[in-house]
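Close look at the chain arrangement
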Amino acid sequence: MNRNAPASAAWELLLPAVSAPARTRGRALQTALREAVRSGRLAPGTRLPSSRDLAADLGVSRGLVTQAYEQLTAEGYLRSGQGAGTWVGAAVRSARPRARDLAPRLPGARADFVPGTPDLSLFPRSAWAAAQRGVLAELPHQELGYPDPRGLPRLRTALAELLARRRGVVADPERIVVVSGVAQATTLLGFALHARGVRTVGVEDPGSPQHDALYASAGVTVVPLPVDGEGITLEPLRASGVRAVVTTPAHQFPTGIAYSARRRADLLDWARDVDGIVLEDDYDGDFRYDRAPVGALQGLDPDHVAYTGSVSKSLAPGLRLGWLLVPESWAEEIIERKRTMDLGHPALDQALFACFLERGDYDRQLRRCQRAYRDRRDALTTALTEHFPGSEVSGIAAGLHVIATLPERYGPEERFLEHVTTAGVAVRPLSAYAHTRAGTADGKKTRLVLGYAHVPPARIHEGIRLMAEAATG
Ligand SMILES: Cc1ncc(COP(=O)(O)O)c(C=O)c1O
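Residues numbered from 1 in each chain as written. Predicted model: local features only at pLDDT ≥ 70, side-chain atom pairs only at ≥ 80, totals over all residues. Heavy atoms only, no water.

Re the packing of helix H8 (residues 182-195) against helix H12 (residues 328-342)
One way to put it is that H8 packs onto H12 with a least axis distance of 10 Å and a crossing angle of 115 degrees. Remark: the crossing between H8 and H12 carries right-handed chirality. Across the interface between the two elements, Gln 184, Thr 187, Leu 188, Leu 189, Phe 191, Ala 192, Leu 193 and Ala 195 of H8 pack against Trp 330, Glu 333, Ile 334, Arg 337, Lys 338, Met 341 and Asp 342 of H12. The residue makeup of the contact of H8 with H12, split by class, is nine nonpolar, two polar and four charged. (Axes fitted to C-alpha atoms, helices over the stretch in contact; angles between N-to-C directions. Helix = DSSP H or I, 4+ residues; strand = E, 2+ residues; numbered from the N terminus. Left-handed = near helix turned anticlockwise from the far one by under 90°. Contact = heavy atoms within 4.5 Å. Nonpolar A, V, L, I, M, F, W, Y, C, P; charged D, E, K, R; others polar.)

Here's the deal with the sheet that holds strand S14 (residues 401-405)
Across the sheet, four strands lie side by side as S13-S14-S17-S16; this open sheet has antiparallel pairing. The strands lining the two open edges of the sheet, one partner per strand, are strand S13 (392-394) and strand S16 (428-429). Sheet analysis places S16 next to strand S17 (residues 447-451), joined by two bridges and oriented antiparallel. Looking at the pairing, Arg 428 lines up with Val 449 of S17. (Pairing = 2+ DSSP bridges.)

A look at the domain arrangement of the protein chain
In terms of domain boundaries, the protein chain breaks down into domain 1 (4-88), domain 2 (99-116 + 364-472) and domain 3 (125-359). For domain 2 and domain 3, the distance between their C-alpha centroids amounts to 27 Å. Contacts between the two partners involve 28 residues from domain 2 and, on the opposite side, 31 residues from domain 3. Of the roughly 2500 Å² buried at the junction of domain 2 and domain 3 (both faces included), carbon and sulfur atoms supply 63%. (Domains from an automatic or database assignment. Buried area = accessible area lost by both parts, 1.4 Å probe.)

Regarding the pattern of salt bridges
Under the criterion given, the structure shown has 26 salt bridges. With a closest N to O distance of 2.9 Å, Arg 150 and Glu 174 form a salt bridge. Note that Arg 150 is positioned in the loop between helix H6 (125-138) and helix H7 (153-167) and Glu 174 in the loop between H7 and strand S5 (176-179), a separation of 24 residues in sequence. The class of Arg 150 is buried, set by a relative accessible area of 17%. As a salt-bridge pair, Arg 364 and Asp 361 come within 2.9 Å of each other at their nearest N and O atoms. (Salt bridge = Lys/Arg side-chain N within 4 Å of Asp/Glu carboxyl O. Buried < 20%, exposed > 50% of the residue type's maximum accessible area, 1.4 Å probe, protein only.)

Section: a positive patch on the surface
Residues Arg 367, Arg 368, Arg 371 and Arg 374 make up a contiguous surface patch of positive charge. The topology assignment puts Arg 367 in helix H14 (residues 361-387). Its relative accessible area of 44% is what places Arg 367 among the partly exposed residues. (Patch = residues over 30% accessible without salt bridge, like charges linked within 9 Å, V, L, I, M, F, W, Y side chains within 5 Å. Areas by Shrake-Rupley, 256 points an atom, 1.4 Å probe, with all protein chains shown as cover. Lys, Arg positive; Asp, Glu negative; His and termini not counted. Charge placed at Lys NZ, Arg CZ, Asp CG, Glu CD.)

So, the environment of Gly 241
One can find Gly 241 in the loop between helix H10 (234-240) and strand S9 (244-247). For Gly 241, a relative accessible area of 52% corresponds to the exposed category. In the structure, Gly 241 is positioned 90 residues away from Ala 331 in sequence and 24 Å away in space, judged by C-alpha atoms.

Section: the site of the ligand
Around the ligand, the neighbouring residues are Gly 181, Val 182, Ala 183, Ser 208, Gln 210, Phe 253, Asp 281, Tyr 283, Ser 310, Ser 312, Lys 313 and Arg 320. Between an oxygen atom of the ligand and a side-chain N or O atom of Gln 210, the distance comes to 3.1 Å. By residue class, the composition of the shell around the ligand is four nonpolar, five polar and three charged. (Near = heavy atom within 4 Å. Polar contact = N/O pair within 3.5 Å; in protein donor to acceptor, adjacent residues only side chain to side chain.)

Here we look at unusual backbone geometry
Of note, the bond from Asp 205 into Pro 206 is cis; its omega dihedral lies within 30 degrees of zero at 5 degrees. Considering the arrangement of structural elements, one finds Pro 206 in the loop between strand S6 (200-205) and helix H9 (209-217). Omega for the peptide link from Phe 253 to Pro 254 comes to 5 degrees, which places this bond in the cis form. Relative to the helices and strands, Pro 254 resides in the loop between S9 and helix H11 (261-273). In this model, Asp 275 sits at a positive phi of 55 degrees, which is unusual for a non-glycine residue. Mapped onto the secondary structure, Asp 275 falls in the loop between H11 and strand S10 (277-281).

Some thoughts on the sheet that holds strand S2 (residues 78-81)
The strand order across the open sheet formed by three strands is S1-S3-S2, and the pairing between neighbours is antiparallel. Across the chains shown, the open sheet's two edge strands, defined by having one partner strand only, are strand S1 (47-48) and S2. Bridging between S2 and strand S3 (residues 85-88) involves four bridges; their strand directions are antiparallel. Bridge pairing links Gly 81 to Gly 85 in S3. In the packing of helix H4 (residues 62-75) onto the sheet, the strands contacted are S1, S2 and S3, and the crossing angle to S2 comes to about 105 degrees.

What to know about the packing of aromatic side chains
For the structure on display, the rule yields nine aromatic pairs. Seen in terms of ring centroids, Phe 253 and Tyr 433 are 5.4 Å apart; in terms of plane orientation they differ by 90 degrees. Their pairing is edge-to-face. On the criterion of sequence distance, the pair formed by Phe 253 in the loop between S9 and H11 and Tyr 433 in the loop between S16 and S17 is long-range, its members being 180 residues apart. Here Phe 253 and Tyr 433 have matching classes, each one buried. (Phe/Tyr/Trp six-rings, centres within 6.5 Å; stacked < 30°, edge-to-face > 60°.)

Below you can see the structure in the form of structure tokens.
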């Protein structure tokens with residue numbers, strides 16, 4: 001078997017298909033293989049075993065495997081070359097990928113620059129354990145009952161202080177809702193919009209695929225609106241007729257720009273003009289490396305902005321903990337939705353996080369991550385200069401990712417991705433986050449969204465070197 005193929009255990013995902021009745025076995029094998037490629041379990045560039053090897057592994061006739069390879073090659077899921085074997089095609093997903101398509105990383109990758117994850121090894125285990133012990137010792141019994149659907153008053157007070165101090169949010173503890181991340185905040189907002197008869201919401205293009213799927217689950221369709229160097233563009237926004245728009249003003253995801261002061265003002269003017277609402281996703285607003293972070297948009301007009309953030313970038317996404325602040329006129333509806341959704345966020349987790357905030361542990365964690373991520377961003381830009389001369393890094397010095405535009409000589413995106421994924425380097429092109437090609441496409445150049453926060457500096461350098469070698473080799 002080729003060295004790039006997953007270990008034979010990986011082919012176990014095809015085993016249920018081969019136990020189908022003989023009559024339907026061939027079709028079942030094709031379906032299972034197609035699904036494995038679509039879902040990303042077999043990543044682009046993965047070499048498939050020879051038909052002889054796979055047939056032997058699965059205990060089926062070689063003809064059945066050959067047929068499956070031929071069929072999927074004809075459909076574009078697989079590619080093959082004279083004497084070069086068969087591999088998973090690089091551009092299987094021509095449509096915009098759904099959030100779950102973006103989730104899987106390259107299994108066993110030699111280098112992983114997929115954006116979105118903080119360094120989970122920086123999770124402050126001892127401070128967390130100390131807060132947990134304190135909470136368990138002190139928490140009054142009655143606080144283990146059903147919590148206020150908005151969240152424990154103690155946590156909402158601590159969050160109001162944090163968000164006002166660090167992000168310039170107008171934070172009334174009475175209007176904070178503790179949620180299980182930006183994802184739940186988005187779903188709540190989606191339901192509230194739907195209940196008000198709103199069926200469309202503007203989203204940034206390129207933007208986070210997470211928003212699309214979540215609004216869709218609430219019956220609200222997204223309308224992509226182009227992003228330029230200052231933020232979401234106003235003309236298309238006005239022309240679209242939407243009255244709600246999702247934005248990431250502190251550090252646009254994924255382009256990495258910060259909304260200009262003028263665009264922020266124009267956006268709020270628009271919201272006032274149409275009696276609409278701006279949904280502000282402040283997913284990584286704490287991390288800025290060249291200056292103090294720009295305050296939240298919500299602080300400028302709390303009546304027209306719903307603000308949300310979470311600990312997913314600062315502590316760990318697995319905690320499922322975040323916050324949502326809505327304009328007063330939306331509060332009752334959102335709180336009621338939260339109540340009917342899950343009767344409130346887990347009380348113990350809330351008390352623990354309140355204690356963690358009160359002890360100053362969260363500020364310490366943010367400072368520690370800020371130092372680590374700034375160093376990693378520097379390491380990444382240095383490695384790009386060294387190994388991809390002529391490449392350009394764009395976006396502000398902030399957050400957990402950069403955009404790198406590679407010079408033309410590294411070829412068009414599809415070929416570049418094929419080479420690097422085959423070499424075991426996991427990366428996402430900017431185009432994976434685009435609804436339309438507008439704004440991301442440059443037919444000749446590859447533009448990558450490179451996540452660095454989860455990669456130690458030495459591995460950043462090595463990974464970029466490996467990527468350059470694969471791209472040019
Ligand atoms: C743009 C954006 N918003 C929000 C989040 C975080 O969502 P959550 O708080 O539900 O983990 C992510 C995570 O990757 C993201 O990319």
